[in-house]
Amino acid sequence: MAATNSNPCRIEIVGGDITRLEVDAVVNAANPTLAGGGGVDGAIHAAAGPGLLEECLGLGGCPTGSAKVTGGYDLPARFVIHAVGPIWRGGAGNEEALLASCYRNSLSLAVEHGARTVAFPAISCGVYGFPIVRAAEIAVAEVAAFLETSAEIDLVLMVGFGEETRSALETALASLTGTSGPE
Ligand code: ADP
């Protein structure tokens, strides 16, 4: 998958299940133990198979705002980047900066491992309760800022699982690129 001229910002919003995407790396919305969980974490582990959990358990966990890489096992993706988003506690606990740092750190790891196409779920927007509209703005702004300084990533897919998430991501991207949002 390569960037095209019709998508100069190299960000695309897509729907559906992240585990099916044929990208170099998928990002997981993990928890600090990296021992698996529900939501997208559960879906990624189920699709990747038991080798993923085994590798994760050897990583010694991961602090909030950071990320660690494993293989993709039975996923189409070669790598899984496990990013630990913040739990939303009302906004006074540095949640916005921690969420931004998940996106930045994940993309740095992708570059380090030669992954040129990367797919993100809406980190922290499920069980962790981060408000989706603000999270989408942070996600899109952070990815766009990274891509401006890095030619080593061809395309970032941002997966909106469900209409509300997809629409929040599309609106955030449209306002960043100055185009009109979803109808
Ligand atoms: P967190 O604990 O970081 O909030 P969740 O997995 O609960 O993580 O939710 C993160 C986001 O991932 C939510 O928007 C959720 O709808 C979405 N999600 C859940 N399953 C999938 C999937 N298979 N593919 C893509 N996104 C998913």
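The structure reproduced in this document is the subject of the present report. As the structure is a computational prediction, the values presented were derived from the model and not from experiment. (Residues numbered from 1 in each chain as written. Predicted model: local features only at pLDDT ≥ 70, side-chain atom pairs only at ≥ 80, totals over all residues. Heavy atoms only, no water.)

1. A short note on the sheet that holds strand 2 (residues 25-30)
Through backbone hydrogen bonds, the strands of a sheet pair up, either in parallel or in antiparallel fashion.
Moving on, step 1. Strand order in the open sheet made by the 6 strands is 1-6-5-2-4-3, with mixed pairing throughout. Unpaired on one side and paired on the other, strand 1 (11-15) and strand 3 (67-71) mark the two borders of the sheet. Going across the sheet, the axis of each strand differs from the next one's by a mean of 25°, ignoring polarity.
Moving on, step 2. Of the pairings in the sheet, the one linking strand 2 to strand 4 (residues 79-84) comprises 6 bridges and is parallel in character. Pairing of V27 across the sheet is with I81, part of strand 4.
Moving on, step 3. Sheet strands in contact with helix 2 (residues 50-57) are strand 3 and strand 4, and its direction is about 140° off that of strand 3. (Pairing = 2+ DSSP bridges. Helix = DSSP H or I, 4+ residues; strand = E, 2+ residues; numbered from the N terminus. Axes fitted to C-alpha atoms, helices over the stretch in contact; angles between N-to-C directions. Contact = heavy atoms within 4.5 Å.)

2. Describing the environment of L173
Moving on, step 1. Inspection of the secondary structure puts L173 in helix 5 (residues 163-177).
Moving on, step 2. Taking the relative accessible area as the measure of exposure, L173 reaches 12% and is therefore buried.
Moving on, step 3. In sequence terms L173 and E137 are 36 residues apart; their C-alpha atoms lie 7.7 Å from each other.
Moving on, step 4. Not counting chain neighbours up to four residues away, the residues in contact with L173 comprise C9, I11, I13 and V140. (Buried < 20%, exposed > 50% of the residue type's maximum accessible area, 1.4 Å probe, protein only.)

3. Details of the environment of D24
Moving on, step 1. Along the chain, the position of D24 falls in the loop between strand 1 and strand 2.
Moving on, step 2. D24 sits 15 residues away from C9 along the chain, and the two C-alpha atoms are 19 Å apart.
Moving on, step 3. Look past the residues within four positions of D24 in its chain and what remains in contact with it is A77, R78, F79, G114, A115, R116 and T117.

4. Let's talk about the pairing of strand 4
Moving on, step 1. In terms of burial, strand 4 is a largely internal element, 6 of the 6 residues being buried.
Moving on, step 2. Burial of strand 4 is two-sided: the residues F79, I81 and A83 facing one way and the residues V80, H82 and V84 facing the other way are all buried.
Moving on, step 3. Pairing of strand 3 with strand 4, which is carried by 5 bridges, proceeds in the antiparallel orientation. Looking across to strand 4, one finds that G71 is bridged to F79.

Spatial relationships are all this shows, so hold off on functional conclusions.
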